[in-house]
Amino acid sequence: AKKFQLIQTNRDGMKHFENGEIDKALPMFEKAAHGLPSNISVHMNAAQALISIMQIAGAKEDKKIDKARKHLDIAKSIDASNEKYLKLENLLNELK
């Protein structure tokens, strides 16, 4: 997919996320993150969706934790001092 299409996919994901449709948002964030590997925002959005799903379910899932960790590791490599990254890192650690 082209970069502008992936940015739009991320925006569409944000709309779903804000409407509480996290299950619809997650695949959009995953697609955007896969296609825009150096974009910190899409990785943090994917991680946030994964964390939110586990928080709402009240259950940890190793597969989701691993995916969220991968997205956060990429975000960290881009900007380890990013405030949203640090917040998500704490939320993920609280799940364990």
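Everything that follows concerns the structure shown earlier in this document.
Please read all numbers here as calculations on a predicted model, not as lab measurements.

Participant: Got a minute to help me understand the overall build of the protein chain in this structure?
Facilitator: On a plain count of helices and strands, the protein chain comes out with five helices and zero strands. Shown N-terminal to C-terminal, the secondary structure of the protein chain runs as helices and strands in the order α-α-α-α-α. Radius of gyration (C-alpha) of the protein chain: 12 Å, near the 12 Å computed for a compact globule of 96 residues. C-alpha extents for the protein chain along the principal axes are approximately 35 × 30 × 20 Å. Taking all 96 residues of the protein chain together, the buried fraction comes to 39%. A sequence separation of at least 24 residues applies to 53% of the contacts in the protein chain between residues at least 6 apart.

Participant: Even after reading the chapter, I still don't get the packing of aromatic side chains, so can you show me in this structure?
Facilitator: Given two aromatic rings, their pairing is described by the distance between the two centres and the angle made by the two planes. Using the criterion set out here, one finds one aromatic pair in the structure. Measuring from centroid to centroid gives 6.4 Å for F17 and F29, while their planes differ by 55°, and the two rings are tilted. With a gap of 12 residues between them, F17 in helix α1 (residues 3-18) and F29 in helix α2 (residues 22-35) connect regions that are remote in the sequence. A relative accessible area of 17% places F17 in the buried class.

Reading the values: the criteria
- Residues numbered from 1 in each chain as written.
- Predicted model: local features only at pLDDT ≥ 70, side-chain atom pairs only at ≥ 80, totals over all residues.
- Heavy atoms only, no water.
- Helix = DSSP H or I, 4+ residues; strand = E, 2+ residues; numbered from the N terminus.
- Rg over C-alpha atoms; globule rule 2.2 N^0.38 Å.
- Buried < 20%, exposed > 50% of the residue type's maximum accessible area, 1.4 Å probe, protein only.
- Contact = heavy atoms within 4.5 Å.
- Phe/Tyr/Trp six-rings, centres within 6.5 Å; stacked < 30°, edge-to-face > 60°.

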